[in-house]
Each structure stands twice: as C-alpha cells, then as structure tokens.
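Descriptive structure summary
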Amino acid sequence: MTRRRKIYEGKAKILYEGPEPGTIVQHFKDDATAFNNKKHDLIEGKGVLNNRISEFIFTRLNEIGVPTHFIKRINMREQLVKEVEIIPVEVMVRNVAAGSLSKRLGIEEGTPLPRSIIEFAYKSDELDDPMVTEEHITAFAWATPQEIDDMMALSLRINDFLSGLFLGIGIRLVDFKIEFGRLYEGDMMRVVLADEISPDSCRLWDTATNEKLDKDRFRRDMGGLMDAYQEVARRLGILMEND
Ligand code: C5P
C-alpha cells in the first residue's frame with residue numbers, strides 16, 4: 001500500500017490527496033467533538049454512518065442539480081470529492097429555534113421560526129467560529145457579494161429539499177450548518193456545496209416524539225448517539241449490510 005499525502009486533518013475528518021489531479025479523499029473519523037474541541041470522545045462507527053448519510057444526501061442534491069464537491073463513496077469511511085477552495089464562512093440555516101439561537105435571543109427551543117433564517121459564522125477554531133454578517137464577509141474579502149448571493153440561494157434550495165426529504169421519514173429538520181467551496185474548472189469558477197451533511201451538522205427531531213436524532217445527544221450527554229444516527233440511516237433507506 002502506498003502512503004497518501006495528508007492535506008488537512010480536522011476534528012472529524014481527514015483530507016488526503018486524491019488519485020487524480022483536482023480530487024481529494026475525504027475520510028470520516030469516529031471522533032465526536034463539541035464546544036470547539038473542549039468535549040471530545042471516540043464513538044466507534046460514527047464515521048461510517050456519517051460517510052453513508054452524507055453520501056446519500058449529496059447524491060440526492062447532485063441529482064436535483066445542486067452543485068456539490070461529491071463524486072462517489074470509495075469505502076466505509078472515505079469518499080472521493082472534487083478539490084475546492086473552501087470559503088471560510090459557515091452557513092447556518094434554521095427552521096425552528098434551538099441551540100445558540102435560542103440562547104442568544106431567549107426563544108424557547110422548539111419554537112417554529114416565522115421564516116427560515118440564514119446566519120453566517122467565520123471559520124476559525126481560535127475564535128470559536130464567531131457569528132458575522134455579510135458586511136464582515138465582504139469587508140474582509142472572505143467572499144464576494146456574488147458568492148454570498150450564491151451561497152444563500154443554494155442554502156435555501158438545500159433547506160427546502162432536505163426539509164421535505166426528512167419530513168417524509170418523520171424527521172423535522174430543525175437547523176443545519178453547511179460549507180461551500182470554489183470549484184475551478186478551466187477559467188471558470190463556481191460556488192459548490194462542500195464538506196458534509198450528517199447528523200453531526202444538523203438538528204434532526206422525530207416529528208412524533210421530538211426525540212433528538214443528532215449530535216445534541218453528545219453535546220448534552222444524553223447517550224444513544226449511535227442508535228440515533230443508525231435510526232436516521234435506516235429511515236433514509238440506507239442499508240449497512242453491503243459493507
Ligand atoms: O450551535 P448552533 O445552534 O449555532 O448550531 C446550529 C446548527 O449548526 C446545528 O445543527 C449544529 O449542529 C450545526 N453546527 C455545526 N458546526 C458548528 C456549529 C454549528 O455543524 N461549528
């Protein structure tokens with residue numbers, strides 16, 4: 001086996017140089033972290049589930065014409081993706097009050113929002129991903145106004161599609177975080193969805209019981225994280241026997 005060049009190691013993923021120029025191998029680790037790494041644990045099998053769930057979601061998004069970095073899943077823990085230049089801005093989309101929005105604005109968790117709300121955070125571990133506005137993003141040239149427009153339009157489309165997808169399997173998409181990258185193709189550049197979408201980066205509540213099927217189980221020491229992620233995979237129709 002040849003050793004691959006590691007490009008980047010994050011809290012839950014490792015990026016390796018891909019087999020072809022312009023490709024990257026995205027490896028899902030079992031590490032669970034919260035509060036910017038202040039809480040850390042290893043949850044055996046989490047990476048495998050997130051790889052499969054994110055594969056499923058990115059495949060559906062590719063099918064409906066949302067541009068993404070995803071090419072294909074390679075094995076239990078890895079997927080082949082297109083190399084992009086990550087825009088250093090996290091996009092949060094919220095449908096129901098929860099988490100930091102509830103805390104910040106004093107709105108009880110579970111309160112439906114009058115309309116979907118998009119928030120931005122500057123990607124910086126040292127600064128704990130502070131919330132920023134479009135003013136900061138353009139002033140510091142993290143993204144252009146056109147790129148912000150593209151990210152917002154894609155985020156709302158992704159939200160509409162995923163809200164329906166999850167509702168169909170008895171899950172409310174409360175909120176989620178996504179990241180975008182610049183994909184260079186010849187002399188063209190376009191903004192595409194990158195990173196992952198999984199129960200690590202979404203809040204997913206059972207519509208009948210309000211049971212949490214996401215990483216809040218870890219953040220709030222509720223236990224049962226793997227059972228919850230497995231339930232999401234099962235309802236999405238993802239069969240794990242194939243591996
Ligand atoms: O913590 P907060 O309420 O702002 O999180 C909003 C959504 O973004 C949640 O679904 C959470 O899982 C996700 N998130 C994330 N990574 C971060 C911050 C938030 O995936 N660094």
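Residues numbered from 1 in each chain as written. Predicted model: local features only at pLDDT ≥ 70, side-chain atom pairs only at ≥ 80, totals over all residues. Heavy atoms only, no water.

Enumeration over the complete set of coordinates arrives at 3 aromatic pairs. Arranged with centres 3.9 Å apart and planes meeting at 10°, the rings of Y122 and W142 form a pair that is stacked. With Y122 in strand 9 (residues 112-122) and W142 in the loop between helix 3 (134-139) and helix 4 (145-167), the pair connects residues that are 20 residues apart, well separated along the chain. For Y122, a relative accessible area of 22% puts it in the partly exposed group. Given the relative accessible area of 15%, W142 is considered buried. Centroid distance F140 to W142: 5.3 Å. Interplanar angle 35°. Geometry classified as tilted. An aromatic cluster of at least three residues, connected via ring pairs, comprises Y122, F140 and W142. Just above the ring of F218 sits the side chain of K39; from NZ or CZ to the centre is 4.8 Å. Note that R60 overlies the ring of F56, its terminal NZ or CZ placed 4.6 Å from the centroid. (Phe/Tyr/Trp six-rings, centres within 6.5 Å; stacked < 30°, edge-to-face > 60°. Helix = DSSP H or I, 4+ residues; strand = E, 2+ residues; numbered from the N terminus. Buried < 20%, exposed > 50% of the residue type's maximum accessible area, 1.4 Å probe, protein only. Lys NZ or Arg CZ within 6 Å of the ring centre and 35° of its normal.)

One non-glycine residue, D129, lies in the positive phi region at around 45°. A relative accessible area of 25% means that D129 is categorised as partly exposed. Positioned with a positive phi, N210 is a non-glycine residue whose angle comes to about 65°. In this fold, N210 is placed in the loop between strand 13 (202-206) and helix 5 (216-219).

Note on strand geometry: in a regular strand, side chains alternate between the two faces of the sheet. One ladder, built from 3 bridges, connects strand 1 (residues 6-9) with strand 2 (residues 13-17); its direction is antiparallel. Across the sheet, residue E9 finds its bridge partner in strand 2, namely I14. Between the end of strand 1 and the start of strand 2, which pair antiparallel, lie 3 residues. As paired elements, strand 2 and strand 3 (residues 23-28) share 5 bridges and run antiparallel to each other. Bridge pairing links I14 to H27 in strand 3. (Pairing = 2+ DSSP bridges.)

Not every one of the 15 residues close to the ligand is listed here, only the nearest: R94, S100, D175, R203 and R219. Side-chain polar atom of E90 to a nitrogen atom of the ligand: 3.5 Å apart, as the coordinates give it. At a separation of 3.5 Å, a nitrogen atom of the ligand approaches a polar side-chain atom of D129. Contact with the protein chains covers 79% of the free accessible surface of the ligand, which is 450 Å². Broken down by class, the residue content of the shell around the ligand amounts to 4 nonpolar, 3 polar and 8 charged. (Near = heavy atom within 4 Å. Polar contact = N/O pair within 3.5 Å; in protein donor to acceptor, adjacent residues only side chain to side chain. Areas by Shrake-Rupley, 256 points an atom, 1.4 Å probe, with all protein chains shown as cover. Nonpolar A, V, L, I, M, F, W, Y, C, P; charged D, E, K, R; others polar.)

Attention now moves to the nonpolar core. Within the largest apolar cluster, 47 residues are counted, with the highest numbers of intra-cluster contacts made by I158, F166, F180 and I197. Here I158 is in contact with L61, V66, F176, I178, L193 and I197, once residues within four sequence places are set aside. (Core = buried A, V, L, I, M, F, W, Y, C linked by side-chain atoms within 4.5 Å. Contact = heavy atoms within 4.5 Å.)

Turn by turn, an α-helix covers 3.6 residues, leaving residues three or four places apart pointing in a common direction. Along helix 6 (residues 225-235), the positions that sit buried rather than exposed are L225, M226, A228, Y229, V232 and A233. Down the axis, helix 6 shows its buried residues gathered within 165° of arc, on one side only. Away from its buried face, by an angle of more than 90 degrees, helix 6 presents the exposed residues D227 and R234. If you follow the buried residues of helix 6, they end up packed against helix 1 (46-63), helix 4, strand 11 (171-185), strand 13 and helix 5. Of the residues flanking the end of helix 6, it is G237, one or two places downstream, whose phi is positive at about 85°. (Arc of directions from axis to C-beta.)

Our next topic: the sheet that holds strand 7 (residues 78-82). With respect to topology, 5 strands assemble into an open sheet ordered 1-2-3-7-6, the strand pairing being antiparallel. The open sheet is flanked by strand 1 and strand 6 (70-73), the only strands paired with a single partner. On average, each strand axis in the sheet is tilted by 25° relative to the strand beside it, whichever way the strands run. Of the pairings in the sheet, the one linking strand 3 to strand 7 comprises 5 bridges and is antiparallel in character. Residue pairing for strand 7: Q26 is matched across the bridge by Q79. Contacts between helix 1 and the sheet are confined to strand 3, strand 6 and strand 7, with strand 6 contributing the most and set at about 135° to the helix. (Axes fitted to C-alpha atoms, helices over the stretch in contact; angles between N-to-C directions.)

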